[in-house]
Amino acid sequence: MSQSIGTDVLLDYLENRLEPARRAEIAAALQADPDLCQRLDVLRQQSDRLGKLGESVLKEPIPEKLLAALDKLKCR
Amino acid sequence: MAERSLHDQIVAEIPRLRRFARSLVGTRDRADDLVQDALIRAVEAIDQFRAGTNLRAWLFSILRNVFIDQRRRDARSPLEDVDGELPAEGWVAPSQEQYAELADLAAAIARMPDGMRQVILLCGVEGFDYETAAGILNIPVGTVRSRLSRAREMLKQDD
């Protein structure tokens with residue numbers, strides 16, 4: 001059973017994209033299958049790390065030349 | 001509540017544009033040049049932006065188009081001429097928690113083929129939904145979905 005559930009479907013489950021009936025099916029399969037559970041867990045950790053990539057870039061001050069590129073829009 | 005001006009809304013998107021650009025071209029200076037060109041193009045095309053639509057997606061799609069145009073012009077891979085500088089400069093700060101894991105992850109993403117890398121950056125890092133990512137990349141939603149799951153499997157093997 002678990003091999004027939006692909007990574008795409010596990011991602012749909014993780015990110016709440018499934019219809020309730022399909023979601024319940026996957027939830028049941030997860031309960032019955034520790035390997036599937038493990039695959040989901042790996043994906044969850046991956047998602048968590050992906051969300052943290054580049055956090056430091058977001059905190060950098062914006063370079064002046066980038067702000068200057070928008071000067072023409074100031075009055076809009 | 002006063003509505004923010006379009007100018008201020010675009011300024012608020014610059015940090016994310018810089019992050020995406022840096023993961024595309026590697027070094028800080030080249031990434032900021034790319035963002036600058038994208039902002040200039042956005043200003044020129046501002047009348048094409050429809051109020052109420054997704055400004056972030058619109059800006060990302062402009063940035064990605066500028067990136068593609070530059071690559072065509074340069075006729076070289078942006079990843080090849082930064083010799084071993086990957087993962088992208090400053091993309092993961094040594095002070096960040098889980099630095100080692102994140103640096104490995106960034107390096108694995110940097111090694112991916114372009115199409116897959118862009119999908120994982122847009123969906124995995126920036127959090128765009130499949131439809132929006134498909135719009136930015138100008139590819140079918142099904143392609144986003146399949147590339148993303150292949151990318152995720154590839155990362156799993158790197159663990």
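Report on the accompanying structure. These figures come from a predicted structure and were not determined experimentally. (Residues numbered from 1 in each chain as written. Chains lettered and ligands numbered in written order. Predicted model: local features only at pLDDT ≥ 70, side-chain atom pairs only at ≥ 80, totals over all residues. Heavy atoms only, no water.)

**Brief notes about helix α3 (residues 34-52) of chain A**
Residues and elements named next belong to chain A. Counted at 1.5 Å a residue, the expected span for α3 with its 19 residues is 27 Å, and the 27 Å between its end C-alpha atoms agrees. All of the buried residues along α3 are Leu36, Arg39, Leu40, Val42, Leu43, Gln46, Arg49 and Leu50. The backbone nitrogen of Asp35 lies 2.9 Å from a side-chain oxygen of the residue at the head of α3, namely Asp33. Positive phi appears at Gly54, one or two residues downstream of α3, with a value of about 75 degrees. (Helix = DSSP H or I, 4+ residues; strand = E, 2+ residues; numbered from the N terminus. Expected span 1.5 Å × (residues − 1). Buried < 20%, exposed > 50% of the residue type's maximum accessible area, 1.4 Å probe, protein only. Polar contact = N/O pair within 3.5 Å; in protein donor to acceptor, adjacent residues only side chain to side chain.)

**Quick look at the packing of helix α3 (residues 55-74) of chain B against helix α6 (residues 130-137) of chain B**
Residue and element names in this part refer to chain B. Where α3 meets α6, the axes come as close as 8 Å, and the angle between the chain directions of the two elements is 35 degrees. When the axes of α3 and α6 are compared, the crossing they make is right-handed. Residue-level inspection shows Ala57, Phe60, Ser61 and Arg64 of α3 in contact with α6, the latter providing Thr132, Ile136 and Leu137. Taken together, the residues of the contact of α3 with α6 break down into four nonpolar, two polar and one charged. (Axes fitted to C-alpha atoms, helices over the stretch in contact; angles between N-to-C directions. Left-handed = near helix turned anticlockwise from the far one by under 90°. Contact = heavy atoms within 4.5 Å. Nonpolar A, V, L, I, M, F, W, Y, C, P; charged D, E, K, R; others polar.)

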